[in-house]
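Coordinate analysis (summary)
If you want the building blocks of each chain, they are given just below.
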Amino acid sequence: AGTDVAVKVGECAKNLDTRAAEASNEKDKAMIHELIKKMEGGFDGLNKFVRETIWHALKASHQNFETTFRGLEHDLTSAGSQVPGPGPTLLTRQSRQSPQPEGEKDSD
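All values derive from a computational prediction rather than experimental measurement. (Residues numbered from 1 in each chain as written. Predicted model: local features only at pLDDT ≥ 70, side-chain atom pairs only at ≥ 80, totals over all residues. Heavy atoms only, no water.)

Thoughts on the environment of phenylalanine 43
We count it as follows: Only DSSP runs of H or I with at least four residues qualify as helices, and only runs of E with at least two residues qualify as strands; both kinds are numbered from the N terminus onward. We call two residues in contact when some of their heavy atoms are within 4.5 Å.
Here phenylalanine 43 shows up in helix α3 (residues 42–77). Separated by 10 residues in sequence, phenylalanine 43 and histidine 33 place their C-alpha atoms 8.4 Å apart. Other than its neighbours up to four places away in sequence, phenylalanine 43 contacts Thr18, Arg19, His33, Ile36 and Lys37.

A few points about the confidence of the model for the chain
Put simply, the test is: The score called pLDDT rates the predictor's confidence residue by residue, from a low of 0 to a high of 100.
Chain-level pLDDT for the chain is 83 on average; 74% of the residues reach the 70-or-more range. Highest mean pLDDT in the chain belongs to helix α2 (residues 26–38) (96); lowest belongs to helix α1 (residues 3–13) (87).

Concerning the packing of aromatic side chains
Our working definition: Note on aromatic contacts: the rings of Phe and Tyr and the six-membered ring of Trp form a pair at centre separations within 6.5 Å, being stacked when their planes are under 30 degrees apart, edge-to-face when over 60 apart, and tilted otherwise. Exposed residues in this analysis have more than 50% of their type's maximum accessible area, buried residues have under 20%, and partly exposed residues fall in between, with area computed by a 1.4 Å probe over protein chains only.
On inspection of all chains with the given rule, the structure shows one aromatic pair. Between phenylalanine 65 and phenylalanine 69, the ring centres sit 6.0 Å apart and the planes meet at 25 degrees, which makes this aromatic pair stacked. Of this pair, phenylalanine 65 and phenylalanine 69 both sit in helix α3, separated by four residues, roughly a single helical turn. Residue classification places phenylalanine 69 among the partly exposed positions, given a relative accessible area of 45%.

Let's talk about α3
Quick reminder of the rule: Helices are assigned an expected span. That span is 1.5 Å times one less than the residue count.
Look at α3: 52 Å from first C-alpha to last across 36 residues, which is about the 52 Å you get at 1.5 Å a residue. Those residues of α3 not exposed but buried are Gly42, Phe43, Leu46, Asn47 and Ser61. Here the buried face of α3 lies against α1 and α2.

Comments concerning the pattern of salt bridges
Close approach of charged atoms allows side chains of opposite charge to pair. Under the convention used in this document: Salt bridge criterion: a side-chain nitrogen from Lys or Arg within 4 Å of a carboxyl oxygen from Asp or Glu.
Using the criterion set out here, one finds six salt bridges in the structure. Close ionic contact of lysine 48 with glutamate 52 constitutes a salt bridge, the shortest N to O distance being 3.8 Å. Taken together, the residues lysine 48 and glutamate 52, both in helix α3 and four residues apart, mark about one turn of the helix. What makes glutamate 52 partly exposed here is its relative accessible area of 39%. Across the salt bridge formed by glutamate 66 and arginine 70, the nearest N and O atoms sit 3.6 Å from each other. Taken together, the positions of glutamate 66 and arginine 70, both in helix α3 and four residues apart, correspond to about one turn of that helix.

Here's what the structure looks like:
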C-alpha cells in the first residue's frame, strides 16, 4: 500500500475499540462479543493486538519506502548518472542583455 494509505490506516487504528464493531445480524454481534470476552485480555487485549499488528505493518511500509528512496537518491545523484540541468520554466522570457553589434564591448 502507498505510504499515505498506510498512515491513514494507522491513524484510524490509534482510536480503535473493537467493542464498537458492528455486525449485520445482532445475534452474530452478540456471539462475537461473547467470544472476545472469553479471550485472554478480552476487548482490551484484542484492541492491543490489532494496534500492534498495524504498527508492525506500518514499520515495514516505512522501511520499504526508506530503502526505495535511498536507492533512487543514489541512482539519481551517483557520479555515473546523468543529472539533468535546470528543468523547464514557466517563464517565456528570460532577462538577458540585448545582443550588441559586432565590435562593441560591454561596459561591465
